[in-house]
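Remarks on the overall topology
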Amino acid sequence: MSQKMATRHAIAETLLKIAREDARIVVVTSDARGSAGIEGFFRELPERTVEVGIAEQAAIGVAAGLALSRKKAYVFGPACFYSARGFEQVKNDVAYTGSNVKVIAVSGGVSYGPLGSTHHSLHDIAALRAIPGIDVILPSDALQATAITQMLVESEKPAYVRVGRNPIPVIYEPQSRFEHGKGVLLREGKEVAIIATGEVVWHALEAAQLLLEVGVNATVVDMPFLKPFDQDLIVEIANRHERIVTVEEHSIYGGLGEVVLHCLAQGPSCSVKIIGIPDEYPITGTQAQVYAHYGLDSRGIQNAVLDFLQRMG
Amino acid sequence: MKTLMKKAIQLRMDLLQMIHRANSGHTGGSLSSVDILVALFYRVMRIDPTRPLWEERDRFVLSKGHSVEGYYAILADLGFFPKEELERYCRLGSFLTGHPTRKVPGVEVNTGALGHGLAVGVGMAIAGKMDSKPYKVYVLMGDGELGEGSVWEAAQVAAHYGLDNLVGIVDRNRLQISGYTEEVLRLENLAEKWRAFGWEVVNVDGHDLERLVGTFEKVPILAKKPHLVLAHTVKGKGVSFIENKKEWHHHVPSEEELRRALEELNRQLEELENDVSKDGYKTCNC
């Protein structure tokens with residue numbers, strides 16, 4: 001995990017590469033070219049870009065209109081605004097209408113760190129999952145983000161893709177393959193399974209390494225697709241483990257943890273601990289500091305797992 | 001023109017019956033917008049009911065999605081789907097929901113939440129420019145709808161991109177659900193507002209079919225500008241006891257009210273039949 005890259009840059013670069021061949025691809029943004037890392041697309045293919053200014057509702061509506069005219073429309077902008085300000089447009093103009101719009105929601109979760117809760121999106125999995133007709137995807141590294149971008153271009157279905165802002169370790173290999181709607185078993189252990197999504201997955205992998213040093217062999221699962229959700233994999237994991245710890249950069253309400261619990265409600269019996277952001281506005285700090293404060297980093301995950309194992313006996 | 005006028009009266013009768021049968025609907029706004037729809041669908045727009053997704057078609061977006069009954073009645077009349085389906089409007093399992101959806105052949109986008117249609121129309125118009133296609137995009141909005149800030153976001157984008165293939169239409173009936181628009185929250189000076197946003201504004205009597213057709217046929221007047229047709233209308237137009245009554249925003253006509261309304265509209269049809277002065281519009285091909 002030595003190489004680092006921001007997933008937003010991986011998506012932007014991949015999309016530009018594909019767009020050189022696929023004339024149906026267009027990009028819409030709301031004064032977020034820099035933060036989305038999409039300047040290259042604007043420079044090279046300006047005739048296929050639409051800048052709407054600071055107007056997220058217009059961005060989504062315009063993208064829907066483009067998509068209904070046979071374009072493959074990509075909207076790039078901050079997750080906090082597209083999962084809130086433009087949410088009704090995502091619900092009606094995109095998901096309900098069934099227009100082929102992909103929302104690339106950048107700087108998600110607490111990526112903006114000290115800028116505060118106006119700029120955080122810790123509710124987006126819950127909100128977007130409750131809308132029929134749109135996939136909800138959180139890539140865990142640049143290579144997976146690249147693969148998912150390629151996958152999205154082939155699909156006519158709307159999607160909400162939440163990525164972060166900062167460079168994160170690359171955890172996959174260039175030859176890694178991903179399937180739509182499927183989770184990935186990253187590490188096979190036995191005492192406990194750590195199930196994570198998005199940009200905390202590498203922390204989960206690091207935590208597994210730290211746990212191994214104290215004699216705990218943890219399974220690690222990456223769940224990039226929050227919708228459709230790989231229920232079969234969760235049930236299979238639950239069949240083989242007595243304890244599951246979920247990790248997500250999201251509210252503990254309505255996110256990965258609750259989705260896992262939902263899968264287990266009628267399935268195998270298993271104790272579950274959810275690590276996420278509690279029901280409060282996060283403390284001020286960088287993304288790394290906020291992670292550490294709420295136990296989302298590798299050390300925090302390690303401690304939570306040990307505590308969970310001890311407590312459960 | 002007489003045929004077109006008769007069509008508008010007939011559609012008013014159809015939509016009132018639909019609302020009565022479904023026990024649901026938006027009577028006032030549907031009646032105020034019928035003539036605008038008739039002008040567009042029977043005379044102005046290039047459409048083909050046998051090919052609803054024909055790429056060269058003109059696009060129509062009903063941003064005031066609640067005025068759906070007249071829209072459905074027209075699409076059925078033109079043959080986009082069988083007329084019998086109108087009898088199932090709002091019934092369990094019907095594809096004719098109380099606000100338009102793309103399940104209905106001819107409908108371009110799911111609407112109903114106000115303030116959405118113009119941005120979608122802007123996207124369609126930008127796509128037309130990107131692909132050098134000659135189609136036009138028409139977006140019908142309510143006047144009360146203009147309270148939504150998203151309308152003005154879209155208006156700015158349209159002006160910035162010089163979308164002269166986009167025609168916004170405001171059904172200016174001066175009433176919204178709570179009362180007069182100017183009392184609920186002042187909208188005027190509407191024409192000046194749209195002009196200030198970079199649009200070319202044309203005022204028209206929204207019930208004068210000849211003028212409506214003429215207006216739509218002459219836009220764009222200016223290149224590289226989106227156009228706004230400010231159609232001055234009467235909410236509930238065509239039925240004396242419904243006109244200009246806020247209560248009729250979504251009041252459903254009772255059996256007796258429907259009977260009286262149809263009687264009035266039938267009388268208008270007869271009068272029109274006997275009025276030779278309306279025979280003269282030679283270019284009408286409807």
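Residues numbered from 1 in each chain as written. Chains lettered and ligands numbered in written order. Predicted model: local features only at pLDDT ≥ 70, side-chain atom pairs only at ≥ 80, totals over all residues. Heavy atoms only, no water.

With that out of the way, let us pick up the overall build of chain A. Each helix and strand in chain A was counted, giving 13 helices and 14 strands. Over its C-alpha trace chain A gives a radius of gyration of 19 Å, about what one expects of a compact globule, namely 20 Å for 313 residues. Looking at the 313 residues of chain A, the share that counts as buried comes to 63%. At a minimum sequence separation of 6, the contacts of chain A that also span at least 24 residues come to 78%. (Helix = DSSP H or I, 4+ residues; strand = E, 2+ residues; numbered from the N terminus. Rg over C-alpha atoms; globule rule 2.2 N^0.38 Å. Buried < 20%, exposed > 50% of the residue type's maximum accessible area, 1.4 Å probe, protein only. Contact = heavy atoms within 4.5 Å.)

Let us now look at the domain arrangement of chain A. Residue and element names in this part refer to chain A. Partitioning chain A into domains gives domain 1 (4–169) and domain 2 (184–312). Between the C-alpha centres of domain 1 and domain 2 there is a distance of 26 Å. Taken together, the contact between domain 1 and domain 2 spans 34 residues of the former and 30 residues of the latter. Summing both sides of the interface, domain 1 and domain 2 together bury roughly 2400 Å²; the carbon and sulfur share of this comes to 59%. A per-residue breakdown of the area domain 1 buries against domain 2 is headed by V110, L122 and R129, which together make up 26% of the total. The tally of links from domain 1 across to domain 2 stands at one salt bridge. (Domains from an automatic or database assignment. Buried area = accessible area lost by both parts, 1.4 Å probe. Salt bridge = Lys/Arg side-chain N within 4 Å of Asp/Glu carboxyl O.)

This next bit is on the confidence of the model for chain B. In the predicted model, chain B carries a mean pLDDT of 95, and 97% of its residues have values of at least 70. The model gives residues 282–286 of chain B a pLDDT under 50, and that stretch makes six contacts with residues more than four places away or in other chains. (pLDDT = per-residue confidence, 0-100.)

Right, let's get into the interface of chain B and chain A. Listed as interface residues are 24 residues of chain B and, on the opposing side, 27 residues of chain A. Together chain B and chain A conceal approximately 2000 Å² of surface at their shared face, both sides included; 58% is due to carbon and sulfur atoms. On the chain B side of the interface with chain A, the three residues burying the most area are H116(B), M130(B) and E153(B), jointly 28% of the side's total. Where chain B packs against chain A, one counts one salt bridge. For the salt bridge of K71(A) with D131(B), the shortest nitrogen-to-oxygen distance reads 2.6 Å. When contributions to the side of chain B that touches chain A are tallied by element, the ones reaching two or more residues are α4 (117–130) and α5 (149–160) of chain B. By residue number, the principal contributor to the side of chain B that touches chain A is α4(B), which donates eight residues. Here the side of chain B that touches chain A is composed, by residue class, of 13 nonpolar, five polar and six charged. (Nonpolar A, V, L, I, M, F, W, Y, C, P; charged D, E, K, R; others polar.)

Looking now at the environment of Q150(A). Residue and element names in this part refer to chain A. Position of Q150 among the secondary structure elements: in helix α8 (residues 142–154). Separated by 95 residues in the primary sequence, Q150 and A55 place their C-alpha atoms 28 Å from one another. With near-sequence residues (within four places) excluded, Q150 lies in contact with T14 and I18.

A few words on the sheet that holds strand β11 (residues 218–222) of chain A. All names here are of chain A. Within the open sheet, the five strands sit side by side as β9-β11-β10-β13-β14. Their pairing is mixed. A single partner strand is all that each edge strand has here, and the edge strands are β9 (184–187) and β14 (271–277). Averaged over all pairs of adjacent strands, the angle between strand axes in this sheet comes to 25°, irrespective of strand direction. Those strands touched by helix α12 (residues 287–294) are β13 (243–251) and β14, and its axis lies near 145° from that of β14. Lying on the sheet, helix α13 (residues 298–312) is in contact with β10 (192–196), β13 and β14; it crosses β14 at an angle near 150°. (Pairing = 2+ DSSP bridges. Axes fitted to C-alpha atoms, helices over the stretch in contact; angles between N-to-C directions.)

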